[in-house]
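One letter stands for each residue in the lines below.
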Amino acid sequence: MTDREHWQERHALRPERTAPSAFVERHVAHLAARAKGARALDVACGSGRHTLLLLELGFRAVAFDHASAACRRLAAEDKRVRTVVADADALPFRAATFALIVQTRFLDRRIVPDLLRLLEPGGALLIETFLVAQHETTGHPRREFCLEPGELERLCRGAGCAVHVLECCEGVVGAGRQATHLAAIALCKV
Ligand SMILES: C[S@@+](CC[C@H](N)C(=O)[O-])C[C@H]1O[C@@H](n2cnc3c(N)ncnc32)[C@H](O)[C@@H]1O
C-alpha cells in the first residue's frame, strides 16, 4: 500500500477532528488582525482543523492534501473552503499567493523553499511537526518524517530566502496519552 492509499483509507473513515494546535491558534489570531480577507494555505490539511480556524478568523482558506477523501469531506462541510487534491511534491500554486501558510504534523523537507516562494513578502509561515523523540517513544510516525533537535530552524533559515523568525520552540505538548514531542516555528518572509 502506498502512503497516499494509507491516508486515503484513514480519511475515508472520517476520523474525529482534533482541536487546533495551541501554537497555531496563538500565532494565527495575532496575524488575523492585520490580514483579514487575505489568502491562507493549509498544507496537507487532513481533517482541516486549521483550515476551519483560518476561515473563522476571516482568511480566504485554501487547503490541499493528497488524500481526496480528506478534501471531499472538508469541501462538503464548508463551501467557503477551496480544496485541492495535490501532492506536496508538485504544489499547484503561483509564487507570492499567500499571506499565511500553515503546515502541521506533516514533513517534507524538500518543500520548505517552495512554501517560502508561495508566500507574499511579509507573509507568515507556521510549521509544527514531530520530533524524533516522538518516534523513539511511540514508534510513530516513521523516523524520516520526524525532525532532529534544531533541524526545523536550520531548514527554514537555509531555504534560500531571508526570513525573520518570530518564535521557535521544541518540547512536549499536552499531557498523559496526548503528550507529543513537537517542534514549531513561526516566521515572516522578509
Ligand atoms: C498527520 S496528518 C496531519 C493533518 C493536518 N495537517 C493536521 O495537523 O491535523 C498528515 C496529512 O498529510 C497528508 N499527506 C501525507 N503525505 C502527503 C503528500 N505527499 N502530499 C500531500 N499531503 C500529504 C495525509 O493525507 C494527511 O492528511
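Our structure's up above, just so we're on the same page.
To keep things clear, this report deals only with the structure shown in the data block.

Rules behind the numbers
Here the residue numbering is sequential within each chain, running from 1 through the sequence in written order. At least 70 in pLDDT is required for a residue's local features to be given in this predicted model, at least 80 for side-chain atom pairs to be given and counted, and no such filter applies to totals for whole chains, interfaces and linings, which use all residues. For side-chain calculations, the full set of non-hydrogen atoms in the structure is used, while hydrogens and water are omitted. Put simply, DSSP H or I for four residues or longer makes a helix, DSSP E for two residues or longer makes a strand, and each gets a number counted from the N terminus. Whether a residue is buried, partly exposed or exposed follows from its accessible area with a 1.4 Å probe, protein chains only, as a fraction of its type maximum: under 20%, in between, or over 50%, in that order. Under the rule applied, a polar contact is a pair of N or O atoms within 3.5 Å (in protein, one hydrogen donor and one hydrogen acceptor; residues adjacent in sequence only if both atoms are side-chain atoms). Contacts are assigned to residue pairs that have any heavy atoms within 4.5 Å of one another. The arc in question is formed by the directions pointing from the helix axis toward the C-beta atoms. For two strands to be treated as a pair, DSSP must find no fewer than two bridges joining them. Convention adopted: a line fitted to C-alpha atoms gives each axis, helices being fitted over their contacting stretch, and angles between N-to-C directions are expressed from 0 to 180 degrees. By convention, a crossover is right-handed whenever its connection, traced from the first strand over the helix to the second and viewed with the strands pointing away, goes clockwise. Each residue is tested against the molecule or strand, and it is near if at least one of its non-hydrogen atoms lies within 4 Å. Using a 1.4 Å probe, the Shrake-Rupley method yields the accessible areas, and only the shown protein chains count as cover for residues. The aromatic pairing rule takes the rings of Phe, Tyr and Trp, using the six-membered ring of Trp, and pairs them if the centres are within 6.5 Å, calling planes under 30 degrees apart stacked, those over 60 edge-to-face and the rest tilted.

What follows covers the side chain of D78. Tracing the backbone through its elements, the reader meets D78 in the loop between α4 (68-77) and β3 (82-85). Taking relative accessible area as the criterion, D78 reaches 14% and is therefore assigned buried. There is a polar contact of 2.8 Å between the side chain of D78 and the side chain of R80. Excluding residues that lie within four positions of it along the chain, D78 makes contacts with L52 and L55.

Counting along an α-helix, one turn takes 3.6 residues, and residues three or four places apart therefore face a common direction. Restricting attention to buried positions, one finds in helix α2 (residues 22-32) the residues F23, V24, H27, V28, L31 and A32. Relative to the axis of α2, the buried residues are bounded by an arc of 140° and lie together on one face. Exposed residues pointing more than 90 degrees away from the buried face of α2 are listed as A22 and H30. In the core, the buried residues of α2 are packed alongside α3 (49-56), β4 (98-104), β5 (119-130), β6 (163-173) and β7 (180-189). Between the side-chain oxygen of the N-cap and the backbone nitrogen of F23 there are 3.2 Å, and the N-cap of α2 in question is S21.

To continue, consider the sheet that holds β3. The strand order across the open sheet built from seven strands is β3-β2-β1-β4-β5-β7-β6, with neighbouring strands paired in mixed fashion. This sheet does not close on itself; its edge strands, each paired only once, are β3 and β6. In this sheet, adjacent strand axes meet at a mean angle of 15° when their direction is disregarded. Relative to β5, β4 runs parallel, the two sharing six bridges. Opposite Q103, over in β5, you have I127 as the bridge partner. Most of the contacts of α4 go to β3, to which it runs at about 170°, and overall it touches β2 (60-65) and β3.

The next thing to look at is the pairing of β4. Within β4, seven of the seven residues are buried, which leaves the element mostly enclosed by the surrounding structure. The pairing of strand β1 (residues 39-43) with β4 spans four bridges and is parallel. Its bridge partner lying in β4, L41 is registered against I101. The handedness of the β4 to β5 crossover, carried by helix α5 (residues 112-118), is right-handed.

Once that is clear, we can look at the site of the ligand. In the neighbourhood of the ligand, 17 residues make up the surrounding shell, with H11, A44, R49, D65 and T104 lying closest. In this structure, H66 approaches the ligand through a main-chain N or O atom, which is 3.2 Å from a nitrogen atom. One of the backbone nitrogen or oxygen atoms of A88 is found 2.9 Å away from a nitrogen atom of the ligand. When the free accessible area of the ligand is taken as 600 Å², the share hidden by the protein chains comes to 88%.

Further remarks concern the packing of aromatic side chains. Considering all chains together, one arrives at two aromatic pairs under this definition. Between F64 and F93 the ring centres are 6.0 Å apart and the planes differ by 50°, which places this aromatic pair in the tilted class. Taken together, the residues span a long stretch of sequence, with F64 in strand β2 and F93 in the loop between β3 and β4 at a distance of 29 residues. The same class applies to F64 and to F93, which are both buried. Through pairs of rings, three or more aromatic residues link up here, namely F64, F93 and F98.

Let us now look at the packing of helix α1 (residues 3-12) against α4. Here α1 crosses α4 at 35°, and the two axes come no closer than 7 Å. Contact residues: Q8, H11 and A12 in α1; S68, A69, A70 and R72 in α4.

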